[in-house]
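Single-letter residue listing:
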Amino acid sequence: NAGVTQTPKFRILKIGQSMTLQCTQDMNHNYMYWYRQDPGMGLKLIYYSVGAGITDKGEVPNGYNVSRSTTEDFPLRLELAAPSQTSVYFCASSYLDRGRHEQYFGPGTRLTVT
Amino acid sequence: QQQVKQSPQSLIVQKGGISIINCAYENTAFDYFPWYQQFPGKGPALLIAIRPDVSEKKEGRFTISFNKSAKQFSLHIMDSQPGDSATYFCAASEIKAAGNKLTFGGGTRVLVKP
């Protein structure tokens, strides 16, 4: 199992550009999440999904959109990039069954908006 | 606002010493308290977790102490090793809430000196 994979690893965007951060998991997890981590800070939840076709906002959703058409994929879309979106983005997945609650994280995408 | 406050922001410990990281939460509905370990350039990985029905959980050199009445929990790293040098995050969530969304503390950067 590859676990949670994210692409790209690094990206530099100009203000106003758009891009999609890709996330794929091969563990058949029903729950998936997007977090951002600003320098020296903890992770903040952007969006999450409890299954294909179902998404909901987290703590900091403004400026982002998501979709979940399959169990495996959970892309994060930035429509009009702003310097405030410079951050490291982590995708995670989990399933809630038989008392297991661990979230598995991908390696992250480092995004710079200039 | 659901918050998890973590302290200290950083600590330096000698090899063989004890590292102690503290967290406090506000939401009494939280019922799952994991600790994540993050190495530079990597995503967080679950280290150890506790439910509020126990006051302590130990796994190898890592111990969580939980004080429900004070709404506090802490991570103790015994016999600290240079390989333990990493950033540690506490987190909390409501397991039964849709999505098991984690609220993270701000992180503690631990440096273990040989």
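Residues numbered from 1 in each chain as written. Chains lettered and ligands numbered in written order. Predicted model: local features only at pLDDT ≥ 70, side-chain atom pairs only at ≥ 80, totals over all residues. Heavy atoms only, no water.

Caption draft 1: Focus on the overall build of chain B. For chain B, the count of helices and strands is zero helices and eleven strands. If you list the helices and strands of chain B from N to C, you get β-β-β-β-β-β-β-β-β-β-β. Restricting the contact set of chain B to residue pairs at least 6 apart, pairs at least 24 apart contribute 54%. Surface accessibility of chain B: about 5,500 Å² in total, with carbon and sulfur atoms responsible for 49%. Computed over 13 positive and 8 negative side-chain charges, the inter-centroid distance for chain B is 5 Å. (Helix = DSSP H or I, 4+ residues; strand = E, 2+ residues; numbered from the N terminus. Contact = heavy atoms within 4.5 Å. Areas by Shrake-Rupley, 256 points an atom, 1.4 Å probe, with all protein chains shown as cover. Lys, Arg positive; Asp, Glu negative; His and termini not counted. Charge placed at Lys NZ, Arg CZ, Asp CG, Glu CD.)

Caption draft 2: View of the packing of aromatic side chains. Inspection of every chain in the model, using the stated rule, returns 16 aromatic pairs over all chains. Ring plane angle 70° and centroid distance 5.7 Å describe the contact between W35(B) and F73(B), whose orientation is recorded as edge-to-face. Separated by 38 residues along the polypeptide, W35(B) in strand 4 (residues 33–38) and F73(B) in strand 8 (residues 72–77) bring together distant segments of the chain. We note that W35(B), like F73(B), is buried. Among the aromatic residues, those joined into a cluster by ring pairs are Y33(A), Y35(A), F105(A), Y36(B), F89(B) and F104(B). Looking at R68(A), its charged tip hangs above the ring of F74(A), at a distance of 6.0 Å from the centre. (Phe/Tyr/Trp six-rings, centres within 6.5 Å; stacked < 30°, edge-to-face > 60°. Buried < 20%, exposed > 50% of the residue type's maximum accessible area, 1.4 Å probe, protein only. Lys NZ or Arg CZ within 6 Å of the ring centre and 35° of its normal.)

Caption draft 3: The arrangement of the sheet that holds strand 1 (residues 4–7) of chain B in detail. Residues and elements named next belong to chain B. Taking strand neighbours across the sheet as the criterion, the five strands line up as 1-3-8-7-6 in an open arrangement whose pairing is antiparallel. One side of each edge strand has no neighbouring strand; the edge strands of this open sheet are strand 1 and strand 6 (56–59). Recorded for the sheet is a direction-independent mean angle of 15° between the axes of neighbouring strands. Strand direction decides the pairing type here: strand 6 and strand 7 (residues 62–67), joined by four bridges, are antiparallel. Bridging from a neighbouring strand, K58 pairs with T63 of strand 7. (Pairing = 2+ DSSP bridges. Axes fitted to C-alpha atoms, helices over the stretch in contact; angles between N-to-C directions.)

Caption draft 4: Region of the structure containing the environment of Q14(B). Residue and element names in this part refer to chain B. Topologically, Q14 is positioned in strand 2 (residues 10–14). Here the alpha-carbon distance between Q14 and N67, two residues 53 residues apart in the chain, equals 27 Å. Beyond its immediate chain neighbours, meaning those up to four positions away, Q14 contacts S80, V112, K113 and P114.

Caption draft 5: Region of the structure containing the side chain of R68(A). All names here are of chain A. Relative to the assigned elements, R68 resides in the loop between strand 7 (64–66) and strand 8 (76–78). Within the buried set, R68 has no salt-bridge partner at all; the shortest N-O distance to an opposite charge, 7.5 Å, is to E72. Among the polar contacts listed, one links the side chain of R68 to the backbone oxygen of H29, at a separation of 3.3 Å. There is a polar contact of 2.7 Å between the side chain of R68 and the side chain of S49. (Salt bridge = Lys/Arg side-chain N within 4 Å of Asp/Glu carboxyl O. Polar contact = N/O pair within 3.5 Å; in protein donor to acceptor, adjacent residues only side chain to side chain.)

Caption draft 6: Structural view of the state of the cysteines. All names here are of chain B. Enumeration over the complete set of coordinates arrives at two disulfides over all chains. C23 shares a disulfide with C90; S-S distance 1.9 Å. The sign of the S-S torsion, about -95°, decides the handedness of the disulfide formed by C23 and C90: left-handed. Here C23 is found in strand 3 (residues 19–25), whereas its partner C90 is found in strand 9 (residues 86–92), with 67 residues between them in sequence. C23 gets classed as buried once you look at its relative accessible area, which sits at 3%. (Disulfide = S-S within 2.5 Å.)

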